[in-house]
Amino acid sequence: MEIVAARPAPDPPRHVAIIMDGNGRWALNHALPRAEGHRRGASAVRQTVRACVELGIRYLTLFAFSSENWKRPKGEVQTLMDLLRFYLKSEIEELERNGVRLRVIGDRDGLDRDIQNLILFAEQRTEGNARLNLTIALNYGGRREILAAVEAMIRSAVAGKLDPGCVNEQKFEEGLETHGLPDPDLLIRTSGECRLSNFLLWQCAYSEFVFTQTLWPDFGKAELLSAIEEFHQRERRYGGTRG
Ligand code: FPP
């Protein structure tokens, strides 16, 4: 009998970014208030972070609150902010134990002062960790981020510190909030919606997109593994031809 050696499992994607969608529909399906959907969503965040640590994924970026989410009813915004407060306080110990470095991108000046302080504390407390880089996008908008990077370059040029003839992608990326993070390899959006919703517009230029029907509160290790399996079936050509 011929023995076929098992193929080694391919490396997981280095950077996974997730648009966590469907908390409201999950709550509706279970005849529960939307706030409960968001609470279950926070619990799915915990499961997903654990799964990424276990699978050896190095970067995870989560879209938790967009610069457009302020348009939601006041009570819902309050629920989401309270959940963030709770997450930033309650998860720190586990993040530390698991070697997770937490960073926040987005306009934090627009958040309540106590949340800004919790973010700073969590970032400082975990800055020595390197197993998983967890980035939470809060009050984040991709177009605003790009405009801010453009503005920074114009200011440098006006101050005589940047030759406009030498503008390139690398210089531009220095002005992005994700500076220092690799671009996402895999972008997942849950709940069946197939759009980017102003998330990491520049950074996702060559990401593979996986759209899943799962509502975010039901997302966990199994769904992550299945998205990764789909990712491994893709051929990434970066504009080139078949290799
Ligand atoms: C989208 O579902 C989800 C959000 C706008 C917020 C995501 C927030 C969490 C997962 C919880 C808190 C996060 C952390 C990091 C602790 P939706 O309300 O738009 O769902 P719907 O489209 O079904 O209404």
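Residues numbered from 1 in each chain as written. Predicted model: local features only at pLDDT ≥ 70, side-chain atom pairs only at ≥ 80, totals over all residues. Heavy atoms only, no water.

1. Side note on the pattern of salt bridges
Then, in step 1: A full pass over the atoms with the stated rule returns 23 salt bridges.
Then, in step 2: Measuring nitrogen to oxygen at the nearest pair gives 2.9 Å for the salt bridge that ties glutamate 91 to arginine 46. Taken as a pair, glutamate 91 in the loop between α3 (74-90) and α4 (92-97) and arginine 46 in helix α2 (residues 34-55) lie far apart in primary sequence, 45 residues in all.
Then, in step 3: Assessed through its relative accessible area of 6%, glutamate 91 is described here as buried.
Then, in step 4: A residue is classified by how much of its surface remains accessible, and arginine 46, at 21% relative accessible area, is partly exposed.
Then, in step 5: Linking aspartate 82 and arginine 85 is a salt bridge whose minimum nitrogen-to-oxygen distance equals 2.9 Å. One end of the pair, aspartate 82, and the other, arginine 85, are both in helix α3, three residues apart, so they sit about a helical turn from each other.
Then, in step 6: Aspartate 82 gets classed as partly exposed once you look at its relative accessible area, which sits at 36%.
Then, in step 7: By relative accessible area, arginine 85 is classed as buried at 14%. (Salt bridge = Lys/Arg side-chain N within 4 Å of Asp/Glu carboxyl O. Helix = DSSP H or I, 4+ residues; strand = E, 2+ residues; numbered from the N terminus. Buried < 20%, exposed > 50% of the residue type's maximum accessible area, 1.4 Å probe, protein only.)

2. Observations concerning the packing of aromatic side chains
Then, in step 1: Going through the model one piece at a time under the given rule, you end up with eight aromatic pairs.
Then, in step 2: Measuring from centroid to centroid gives 4.4 Å for phenylalanine 63 and phenylalanine 199, while their planes differ by 10 degrees, and the two rings are stacked. Taken together, the residues span a long stretch of sequence, with phenylalanine 63 in strand β2 (residues 59-66) and phenylalanine 199 in the loop between β5 (186-189) and β6 (208-211) at a distance of 136 residues.
Then, in step 3: The class for phenylalanine 63 is buried, based on a relative accessible area of 9%. (Phe/Tyr/Trp six-rings, centres within 6.5 Å; stacked < 30°, edge-to-face > 60°.)

3. What to know about the layout of surface pockets
Picture a little ball the size of a water molecule; that probe, rolled over the atoms, points out where space is still empty.
Then, in step 1: One number sums up the size of the largest pocket: a volume of about 690 Å³.
Then, in step 2: Lining the largest pocket we find 29 residues, and of these Met20, Asn23, Phe63, Ala64 and Asn69 sit closest to its centre.
Then, in step 3: Listing elements by their share of the lining of the largest pocket, those giving two or more residues are α1 (23-29), α2, β2 and α3.
Then, in step 4: Its residues assigned to classes, the lining of the largest pocket shows 14 nonpolar, eight polar and seven charged. (1 Å grid on protein atoms, 1.4 Å probe; cavity = no way out; pocket = protein on both sides within 12 Å on 5 of 7 lines; lining within 4 Å. Points joined across faces, edges and corners; volume = space filled by probe spheres on them. Nonpolar A, V, L, I, M, F, W, Y, C, P; charged D, E, K, R; others polar.)

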